[in-house]
Amino acid sequence: MSATIDYLLHLADNAVVLGQRDAEWCGHGPILEEDLALANVSLDLIGQARLLYQRAAELKGDGTTEDKLAYFRDSQEFRNYTLLELPHHGALVGYAVADRDYATTIVRNFLYSALMVHVWDALQTSADSTLAGIAAKSLKEATYHLHHSRDWLVRMGDGTDESHTRAQAAVNHLLPYTEEFWTVSPAETAAVEAGVGVDVRTLRAAWDALVNDALAEATLTRPQVRGYVPQGKVGLHSEHLGFLLAEMQSLARAHPDGCW
Amino acid sequence: MYTQSFNVPDQAGQKTVAVTPSTEDAELMARFDARIDADGRIEPQDWMPEAYRKTLVRQISQHAHSEIVGMLPEGNWISRAPSLKRKAILIAKVQDEGGHGLYLYSAAETLGTSRDQLLEGLHSGKAKYSSIFNYPTLNWADVGAIGWLVDGAAIMNQIPLCRCSYGPYSRAMVRVCKEESFHQRQGYEALLVMMKGTQAQREMVQDAVNRLWWKCLAMFGPPDADSPNSAQGMRWGIKRISNDDLRQKFVDATVPQAKVLGITLPDPDLKWNEERQHYDYGQIDWQEFWDTVEGNGPCNKERLATRVKAHNDGQWVRDAAQAYARKQQERAMKEAA
Amino acid sequence: MTTTALKEWPLWEIFVRSKQGLEHKHCGSLHAADASQALHMARDVYTRRQEGVSIWVVPSASITASNPDEKGEFFDPAADKIYRHPTFYEIPDEVGHM
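All of these numbers come straight from a predicted model, not from anything done at the bench. (Residues numbered from 1 in each chain as written. Chains lettered and ligands numbered in written order. Predicted model: local features only at pLDDT ≥ 70, side-chain atom pairs only at ≥ 80, totals over all residues. Heavy atoms only, no water.)

**Remarks on unusual backbone geometry**
Okay, so step 1: At Asp62 of chain A, a residue that is not glycine, the phi angle is positive and equals roughly 40°.
Okay, so step 2: Mapped onto the fold, Asp62 of chain A is located in the loop between helix 2 (32-60) and helix 3 (66-71).
Okay, so step 3: Looking at Asp62 of chain A, the relative accessible area reads 75%, which means it is exposed.
Okay, so step 4: At Asp39 of chain B, a position not held by glycine, the phi torsion is positive, near 60°.
Okay, so step 5: Examined against the element boundaries, Asp39 of chain B turns out to sit in the loop between helix 1 (23-37) and helix 2 (50-69). (Helix = DSSP H or I, 4+ residues; strand = E, 2+ residues; numbered from the N terminus. Buried < 20%, exposed > 50% of the residue type's maximum accessible area, 1.4 Å probe, protein only.)

**Quick notes on the sheet that holds strand 2 (residues 25-31) of chain C**
Okay, so step 1: On the basis of which strands lie adjacent, the open sheet formed by three strands has the order 2-1-3 (chain C) and antiparallel pairing. Single-partner strands in this sheet number two, and they are strand 2 and strand 3 (54-59) of chain C. Taking the axes of each pair of neighbouring strands and ignoring which way they run, one obtains an average angle of 30° across the sheet.
Okay, so step 2: Pairing geometry for strand 1 (residues 11-17) of chain C and strand 2 of chain C, over six bridges, is antiparallel. Its bridge partner being in strand 2 of chain C, Glu13 of chain C is matched across the sheet by Ser29 of chain C.
Okay, so step 3: Against the sheet, helix 4 (residues 84-109) of chain B makes contact with strand 1 and strand 2 of chain C, and its axis sits at roughly 90° relative to strand 2 of chain C, the strand it touches most.
Okay, so step 4: With respect to the sheet, helix 1 (residues 35-46) of chain C is in contact with strand 1, strand 2 and strand 3 of chain C, its orientation differing from that of strand 2 of chain C by roughly 115°. (Pairing = 2+ DSSP bridges. Axes fitted to C-alpha atoms, helices over the stretch in contact; angles between N-to-C directions. Contact = heavy atoms within 4.5 Å.)

**Here we look at the interface of chain A and chain C**
Okay, so step 1: Tallying the contact residues gives eleven residues for chain A and 13 residues for chain C.
Okay, so step 2: In this assembly, chain A packs against chain C so that about 1,200 Å² is buried in total across both faces, 56% of it on carbon and sulfur atoms.
Okay, so step 3: The three residues of chain A that bury the most area against chain C are Glu33, Tyr144 and Arg155 of chain A, which together make up 48% of that side's buried surface.
Okay, so step 4: Here Asp34 of chain C and Arg155 of chain A are joined by a salt bridge, their closest N and O atoms 2.8 Å apart.
Okay, so step 5: The interface formed by chain A and chain C contains five residue pairs in polar contact (both at pLDDT 80 or more).
Okay, so step 6: Looking at the side of chain A that touches chain C, the elements with two or more residues in it are helix 2 and helix 5 (129-157) of chain A. (Buried area = accessible area lost by both parts, 1.4 Å probe. Salt bridge = Lys/Arg side-chain N within 4 Å of Asp/Glu carboxyl O. Polar contact = N/O pair within 3.5 Å; in protein donor to acceptor, adjacent residues only side chain to side chain.)

**Considering the packing of aromatic side chains**
Okay, so step 1: Scanning the model with the defined rule gives 21 aromatic pairs over all chains in all.
Okay, so step 2: Ring centres 5.8 Å apart and planes at 20° place the aromatic pair Trp213 of chain B and Phe250 of chain B in the stacked group. With Trp213 of chain B in helix 8 (residues 199-218) and Phe250 of chain B in helix 10 (residues 243-261), this residue pair connects regions lying 37 residues apart in the sequence. The burial state of Trp213 of chain B is the same as that of Phe250 of chain B; both residues are buried.
Okay, so step 3: Grouping aromatic residues by their ring pairs yields a cluster made of Trp25, Tyr102 and Trp152 of chain A together with Trp9 of chain C.
Okay, so step 4: Across the ring face of Trp25 of chain A, the terminal group of Arg100 of chain A is positioned such that the distance to the ring centre comes to 5.5 Å. (Phe/Tyr/Trp six-rings, centres within 6.5 Å; stacked < 30°, edge-to-face > 60°. Lys NZ or Arg CZ within 6 Å of the ring centre and 35° of its normal.)

Written out as structure tokens, the structure reads:
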């Protein structure tokens, strides 16, 4: 049971953190049409997070709710990939401020959705039938997100000199964070053993193929990755998650007895 | 979300110029007038007097700008929405405002003005937008109060505009109105839920309403006596109900809703007038209204600069897509050759 | 306040079919760099509330419209061809629905 809950929280935290990040563009998109498109991505992700948290809350019992899980856990309890909590710009410390960069947003969405189309596909046969149902719904959404981000990735890579430079910089910045996808956390191992989760290592070849193919079409190069492997999914995050959660959770925590 | 507030001249001192048609145009003008009188629709390719075209571009673009700028005060709370459900609702709502802006820009474009030209008007500060969006959203209840009051006020104006004389505008308004009723209901419901919560939450609701109420009344635009454009707009069927009538309708509809909600409206003069069968209300601060319209409200500079920044920061993204499309076209041509 | 040089994406007309069996209906327009992008943007702009099952996009510049000045000669001649309509013909009641 607790293996399933931990695994659900990993998936839910991924969705809520990226949904939160992408929603930062709402009202600031590069063109009105794209502003609407990215808001749809956020809405899908927050919808996924809600269903996953609801299922986790149901299994947990003790009157916990989706919002208690999203708003009243601290950053070290969050189990999302570090990749998803990074701000929409290049590498800077947690309290630094910089302009949002759409290339970072697009590359991140691409790298993540290229993984999630395979994760959701596999989870359609999860032993947890609720999760299997969520996976079937989320697969369609992730497929669209992949299409959206891949399309932009190619446009940026094969667009202007500036867009190419920005896209390459975003790839160089973000790709190392994907190494975390392929290390297996204890929660994942337990979930795989229970037949609830998927062994991500089995998805690597398919993910590589998607990424290599898109980067080639985008005339971008895949950098060598070495060194530190992020560990967000075991609760060891970057400095950025604390700020993201401080903002996201502030109102809910200021009024713990409030009803919304 | 918008109200007709905002059919005011874009540049101070700009007057509607009386048109003296040439003999050649006189016949076209007569036909145009006849169609308007018969409550017919004018379509993009139809002949129309230049002043009608200009007025429409101004009104529709002010409306579109209001939607786009209007994304910002509510967008301010997306990251801090207190529950995931409310976060989703708010994103969907702010996204809708963007959609409304898009429908309206498209309608204005049928009159021969490009989106870039329209945006240039906004970004240079020449074009106006609804004054209501130049006030800060200071607590979460502002989001609900905007839905209830601001969108409520907007609907009052937008429903009649579904029958306005210019076809593309009226069709855009039909689409907008369908979506807008969700906005008002979600706002009111969000406040209802908060009123059933803690004392602090009830205070947030009252605070939001206190700050927004007068701005909402002003949002309907200057009194009829001081609205030089109104008569012509009515004549042309691009404005259907006068500012004061709409304002009254809004007050009459809102007072009972406030009672159900359990909050007070911050106007000591607000009371039922048996004789008029309407609510009387106090004096609106028109000086403040005009200050805000003219760019000197609390958030004008922030709102405008944010729109300009988003547009400028997005230039390389738009350029990339266009450069790619051009390359693809060239590749296809080479292949065909 | 200054803005950068204006270079606009082309305009597209969007047609959405709401249900299988119905025709595509014009629902508005939008800007996109090319046709495939226009399709995706149309999905995000015009089908947020399950309005459609199929989308067409057409470059606005490709549409040729009838000239309003020729409305008379274009459309009026159809007005007196009432024999084209089924209600023009009287059929005895006992024949039933035809």
